[in-house]
Amino acid sequence: MQNIDNSNSSIHRTVLPNAIVVLVVENQAADIIAGRIFVRAGSCYEHREKAGLAHLLSSVMTKGCDGLSSLEIAEKVESVGASLSTDAGTDYYLLSLKTVSADFADILTLSGLLLRSPTFPETQVELEKRLALQDIRSQKEQPFNLAFEQMRQAMYEKHPYSMSVLGTETTINSITRADLVEFHQTHFRPDNIVISIVGRITPQAALDLVGEVFGDWPQPAQLRPILDLPAISVKPKSCLKPLNTQQSIVMLGYMGPSVSAPGYAALKLLSTYLGNGLSSRLFVELREKRGLAYEVSAMFSTRLFPASFIVYMGTAPENTSIALEGLRQEVELLCTTELSTDELQTAKNKILGQYALGKQTNGQIAQIYGWYEILGLGIEFDQEFSELIKKVSSKLAMTAANRYLQEPYLSLVGQEEAITTAVS
């Protein structure tokens, strides 16, 4: 074992000889250990014609590994009351586990088997493909998802962020077991992995366990795959999807910065001010005062590549035009009027309070440190994020709004007459 870095006294960061990064936080408060194993293998790493591959792999990975069937894996986890699950996002792949401390070694060993030698049984692949197709079809019945899908494709075009993590019916049908094997062999390698462990375990005991399970995993001779993605060009447009539904979804989208770019913290703050909670600007102005919205909110995700800043509203069909105008005006106001001292402080308190509450459990702590590490931000970003938010001034927020929140993309879903009238 090497390179224990104690710059933050509670987090121990170690790089194993095979390049796996291990993060450990000892927390003796409860007899629980949570683990998060991140892999640089999210949907950004798929070929476009195989969209949904990483998500399908996450579904099939727990269905068989070297020497164990799907049922045997489930029994090993459930017989000790543990939890183990896998998931795929845009920027990473994730295996999550939680056990009492006495069973942690066994469940970590099982996790190692799943990650290193999944068998992808053909029958399970076909079953999970059918379930994925059901998920995709059910998404098509939800107006918000249709509006968001339409928005994402308009904003990102050929970039992987344009695709749903689930893929499409066409791409899922084209995926074979051989595709899963190839994707696994390409991306699941020690120098692509971060293991984050939090709970009743000492850093040295955790490192010893990780060394036993993963230490003999050799680095492949070939270089690690590097993402070579198409550039994102901003070309705002309007997208309409007629649908016989009882409400219109009105959505504006703006191309914002990635997590590592200037302006990230200011836009994070503005999205909180605009659309986070019952006291947010959009909720108070458009729902409470004007009665326009069934639902209204804002979103700005933390992403490795430029992220979309979205404001949206669900409204009655007859209010579609006025709702669109209301949303536009509220965003434009950010570009022309500085937030008051109270508004700025309230937004900061809200975002920092929610951030602190999101680090209560062992699992949440393991998640946030592992996530920062796999994104390349480093565990220091935990402190940096709070500092960045605190430093956002009203002037800085307005500058960011003027840079990023100008001409929006528009996505409308609803009754044909209502949405065509809104853009005419």
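Residues numbered from 1 in each chain as written. Predicted model: local features only at pLDDT ≥ 70, side-chain atom pairs only at ≥ 80, totals over all residues. Heavy atoms only, no water.

Asker: I'd like a description of the packing of helix 9 (residues 264–275) against helix 12 (residues 341–357), backed by residues and values.
Answerer: Taken N-terminus to C-terminus, the directions of helix 9 and helix 12 make an angle of 100°; their axes are 9 Å apart at the nearest point. When the axes of helix 9 and helix 12 are compared, the pair comes out roughly perpendicular. On the side of helix 9, the interface is formed by Lys-268, Leu-269, Thr-272 and Tyr-273, while helix 12 contributes Glu-343, Leu-344, Ala-347, Lys-348, Lys-350 and Ile-351. Grouping the amino acids of the contact of helix 9 with helix 12 by side-chain chemistry returns five nonpolar, one polar and four charged. (Axes fitted to C-alpha atoms, helices over the stretch in contact; angles between N-to-C directions. Helix = DSSP H or I, 4+ residues; strand = E, 2+ residues; numbered from the N terminus. Parallel < 35°, antiparallel > 145°, perpendicular 65-115°, else oblique. Contact = heavy atoms within 4.5 Å. Nonpolar A, V, L, I, M, F, W, Y, C, P; charged D, E, K, R; others polar.)

Asker: Any chance you could break down the pattern of salt bridges for me, citing the residues and the numbers?
Answerer: For the structure shown, the criterion picks out 16 salt bridges. Close ionic contact of Glu-373 with Arg-13 constitutes a salt bridge, the shortest N to O distance being 2.9 Å. One end of the pair, Glu-373, is in helix 13 (residues 362–374); the other, Arg-13, is in strand 1 (residues 12–15), and 360 residues separate them in sequence. Between Glu-128 and Lys-63 there is a salt bridge; the shortest N-O distance is 3.9 Å. With a gap of 65 residues between them, Glu-128 in helix 4 (residues 122–139) and Lys-63 in the loop between helix 1 (53–61) and strand 4 (64–65) connect regions that are remote in the sequence. Judged by relative accessible area, Lys-63 falls into the partly exposed class, the value being 22%. Three or more residues are tied together by salt bridges with common partners; here these are Arg-281, Glu-285, Lys-289 and Glu-330. (Salt bridge = Lys/Arg side-chain N within 4 Å of Asp/Glu carboxyl O. Buried < 20%, exposed > 50% of the residue type's maximum accessible area, 1.4 Å probe, protein only.)

Asker: Could you give an account of the nonpolar core, with specific residues and numbers?
Answerer: The biggest cluster of nonpolar side chains holds 69 residues, and the ones touching the most others in it are Ile-37, Phe-188 and Phe-214. Here Phe-214 is in contact with Asn-18, Ile-20, Ile-37, Leu-108, Gly-112, Leu-115, Arg-116 and Ile-195, once residues within four sequence places are set aside. Counting residues in hydrophobic clusters, the runner-up holds 67 residues, among them Ile-11, Ala-323, Leu-334 and Leu-339. (Core = buried A, V, L, I, M, F, W, Y, C linked by side-chain atoms within 4.5 Å.)

Asker: Lay out the packing of helix 11 (residues 320–336) against helix 16 (residues 416–423) with the relevant residues and their values.
Answerer: Following both chains from N to C, one finds helix 11 and helix 16 inclined at 45°, their axes separated by 8 Å at the closest point. The angle between helix 11 and helix 16 places the two elements in the oblique class. Helix 16 is crossed by helix 11, and the crossing has right-handed handedness. The residues of helix 16 that touch helix 11, namely those facing Thr-320, Ser-321 and Leu-324, are Ala-418, Ile-419, Thr-421 and Ala-422. When the residues that make up the contact of helix 11 with helix 16 are grouped by side-chain class, the tally is four nonpolar, three polar and no charged. (Left-handed = near helix turned anticlockwise from the far one by under 90°.)

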